[in-house]
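Each chain, letter by letter, is given below.
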Amino acid sequence: MSEGRAVQPASGNAAGKGRLALDYKPRLPADRSMGIAIVGAGDIVVNAHLPAYKLAGFRVIGIYDIDRSKAEAAAKTHSIAVFDELAALLAHPGVRIVDIAVPARYQPAIARQAAERGKHLLCQKPLAESYRQARELAEACAALGVKAAVNQQMRWAPGIQASRCVVERGWLGAPLQASIQVNVLTPWELWPWLSHMPTLEVMYHSIHYLDAIRYVLGTAPEYVYADGAKYPGQTYAGETRTMIHLKFPGEVRGLIHDSHNNRMPQDDWYATFRFEGTEGVVKGTNGALYNYPHGREDTIALYSERLEPGCLYAPTLEGRWFPHAFMGTMGELMRAIEEDREPVNSLADNLLTLQTVFAAYKSMAENRPVYLEEIAAAAT
Ligand SMILES: NC(=O)c1ccc[n+]([C@@H]2O[C@H](COP(=O)([O-])OP(=O)(O)OC[C@H]3O[C@@H](n4cnc5c(N)ncnc54)[C@H](O)[C@@H]3O)[C@@H](O)[C@H]2O)c1
């Protein structure tokens, strides 16, 4: 919980004496001893999964990667066991959760193998390279009775989780508009397997924003109208600049405007979010994309007629999208196991995020609004 302070008047007559407490930190399970097996020892595991699990006090049993040297490097830094075979790691009696972080094309087969052994799953985003594969995996996990979640950890980025808290408490009145705008320089070459992907920005980056907006608003869009473009001379096959318009039920609208080609000094980079309702606004910055590659804390500001007309609150947020939010995705899966319920980041829930992703690509290809139900229907 964070105590906030009204720091500046939103208009000339604000007294600024209110206080607010936002519930935004990842919730952890009562039992943190559930054994975790990690598959894939790449950048995201070394720099986010493992540091977050250490902070949370989670128990990692071991790691497997087809490239043993990667597993060894990760294991050395984080003092965990290396397994030569996936089957051996899955057979370890202490393993209850398999945490997969490999490129999406390899993920469904690994996830099925683990689910068939009765393991609960935390999968990486994107869940699969096709909607059909993702849906079939969700169905298989449900049939096998395992809990399965997706690592869309931006939901637990402090600014996004705090915004969700604000919307849930009704402090914005009726939600009307959501926007996320990003203009940075992304070194995609750090992920060589991404360079030939015909679908790049939305599939691997804005997927977080699509999921975060859905999460904060608590509803899925009806249709998506998207455009994607490249930057002159770029060597990657996929789009690196995107604009996505989201039409939600009623009067609610969303906009994602993303460019990863900002050649200006970092002072010019920005990564902002803004949620507006009939009675307020919550807005802020996504600190992970400032002071790159180190990042900084998220910022947030809240104006609510319901709380105190005339006051702009600017509570300080602790923690970051990377790595702290990874405690949120795994923590939610563990809590769902403890409470025998579906995690809020379940595979079934993630299918809606994937529908928006694939609707965005279909929209780009056909230059028209695409309804989510078209994506679901095409895969049946
Ligand atoms: N949630 C996030 O914010 C976030 C951020 C970055 C990456 N990711 C996702 O995480 C996954 C990994 O990304 P990364 O940045 O670590 O990539 P990376 O290229 O650094 O690492 C991928 C690792 O997977 C291993 N691997 C590939 N196929 C395998 C298989 N069949 N079995 C075992 N290991 C295998 C590779 O040897 C490599 O070590 C991707 O799906 C990516 O989309 C998520």
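The rules we used
Residues numbered from 1 in each chain as written. Predicted model: local features only at pLDDT ≥ 70, side-chain atom pairs only at ≥ 80, totals over all residues. Heavy atoms only, no water. Near = heavy atom within 4 Å. Polar contact = N/O pair within 3.5 Å; in protein donor to acceptor, adjacent residues only side chain to side chain. Helix = DSSP H or I, 4+ residues; strand = E, 2+ residues; numbered from the N terminus. Nonpolar A, V, L, I, M, F, W, Y, C, P; charged D, E, K, R; others polar. Domains from an automatic or database assignment. Contact = heavy atoms within 4.5 Å. Buried area = accessible area lost by both parts, 1.4 Å probe. Salt bridge = Lys/Arg side-chain N within 4 Å of Asp/Glu carboxyl O.

Trainee: How should the site of the ligand be read in this particular structure?
Mentor: Close to the ligand lie 26 residues; Asp65, Val102, Gln153, Trp191 and Trp193 are nearest. One of the side-chain nitrogen or oxygen atoms of glutamine 124 is found 3.1 Å away from a nitrogen atom of the ligand. One of the side-chain nitrogen or oxygen atoms of glutamine 153 is found 2.8 Å away from an oxygen atom of the ligand. Of all the secondary structure elements, the ones that give two or more residues to the shell around the ligand are α1 (43–56) and α7 (201–217). Of the residues in the shell around the ligand, the class split is 16 nonpolar, five polar and five charged. Here the shell around the ligand spans two domains, and each of domain 1 (35–146) and domain 2 (154–327) adds at least three residues to it.

Trainee: Is there a simple way to explain the domain arrangement of the chain in this structure?
Mentor: Quite often, the size of an interface is put as the accessible area lost when its parts meet. The domains assigned to the chain are domain 1 (35–146) and domain 2 (154–327). Spacing between the C-alpha centres of domain 1 and domain 2 amounts to 27 Å. On the side of domain 2, 13 residues touch domain 1, which itself brings 18 residues to the contact. Surface buried jointly by domain 1 and domain 2 totals about 1200 Å² across both partners, of which 75% is contributed by carbon and sulfur atoms. When the buried area of domain 1 at its contact with domain 2 is split by residue, Leu55, Lys125 and Pro126 rank highest and sum to 35% of it. Along the contact surface separating domain 1 from domain 2 lie zero salt bridges. Inspection of the region where domain 1 meets domain 2 yields one residue pair in polar contact (both at pLDDT 80 or more).

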